Amino acid sequence: MLRGKCKVTPKSDKAKDIFANYLNSKSLVYIEHKRADRWFFSAIDNVDFWFWVDYPHDNNWDYHEIN
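Notes on the structure in this doc start here. (Residues numbered from 1 in each chain as written. Predicted model: local features only at pLDDT ≥ 70, side-chain atom pairs only at ≥ 80, totals over all residues. Heavy atoms only, no water.)

A closer look at the layout of surface pockets
- Its volume calculated, the largest pocket comes out at about 220 Å³.
- Lining of the largest pocket is provided by Lys14, Ala15, Ile18, Tyr22, Phe49, Trp50, Phe51, Trp52, Asp54, Asp58, Asn60 and Trp61.
- Those elements that provide at least two residues to the lining of the largest pocket are helix H1 (13-21) and strand E4 (50-54).
- Each residue belonging to the lining of the largest pocket can be placed in one class, and the counts come to eight nonpolar, one polar and three charged. (1 Å grid on protein atoms, 1.4 Å probe; cavity = no way out; pocket = protein on both sides within 12 Å on 5 of 7 lines; lining within 4 Å. Points joined across faces, edges and corners; volume = space filled by probe spheres on them. Helix = DSSP H or I, 4+ residues; strand = E, 2+ residues; numbered from the N terminus. Nonpolar A, V, L, I, M, F, W, Y, C, P; charged D, E, K, R; others polar.)

Things to note about the sheet that holds strand E1 (residues 4-10)
- Spatially, five strands are ordered E4-E3-E2-E1-E5 in an open sheet, and the strand pairing comes out antiparallel. Edge positions in the open sheet fall to E4 and strand E5 (61-66), since each of these has one partner strand only. Pairwise comparison of adjacent strand axes, ignoring direction, gives a mean angle of 40° for this sheet.
- Note that E1 and strand E2 (residues 28-34) share four bridges and pair antiparallel. Following the sheet pairing, Gly4 is matched in E2 by Ile31.
- Relative to E1, H1 is tilted by about 125°, and along the sheet it contacts E1 and E5. (Pairing = 2+ DSSP bridges. Axes fitted to C-alpha atoms, helices over the stretch in contact; angles between N-to-C directions. Contact = heavy atoms within 4.5 Å.)

Notes on the packing of aromatic side chains
- Scanning the entire structure with this criterion turns up nine aromatic pairs.
- Between Trp39 and Tyr63 the ring centres are 5.5 Å apart and the planes differ by 55°, which places this aromatic pair in the tilted class. Placement of the pair is Trp39 in strand E3 (residues 38-43) and Tyr63 in strand E5, with a sequence separation of 24 residues. You'll find Trp39 and Tyr63 in the same group, each marked buried.
- Members of the aromatic cluster, connected to one another through ring pairs, are Tyr22, Trp39, Phe41, Phe49, Phe51, Tyr55, Trp61 and Tyr63.
- The aromatic ring of Trp39 is capped on one face by Lys34, whose charged end is 4.5 Å from the ring centroid. (Phe/Tyr/Trp six-rings, centres within 6.5 Å; stacked < 30°, edge-to-face > 60°. Buried < 20%, exposed > 50% of the residue type's maximum accessible area, 1.4 Å probe, protein only. Lys NZ or Arg CZ within 6 Å of the ring centre and 35° of its normal.)

Take it as geometry only, folks, not as evidence of what the structure does.
Laid out in structure tokens, this is it:
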């Protein structure tokens with residue numbers, strides 16, 4: 001199965017901690033699921049770690065889908 005990808009950038013301290021510790025400071029993530037109010041992502045190096053962003057605007061992350 002081919003999953004979509006997204007580029008994320010942390011804005012808050014909590015997001016910066018997740019970015020460093022779980023995403024290995026890599027901004028590319030997999031899009032696992034999209035809902036009307038949230039998008040769910042997994043880390044490229046650690047696909048068991050999922051996190052979400054509020055759609056369309058999130059206070060912790062900037063993100064855009066890669067086509």
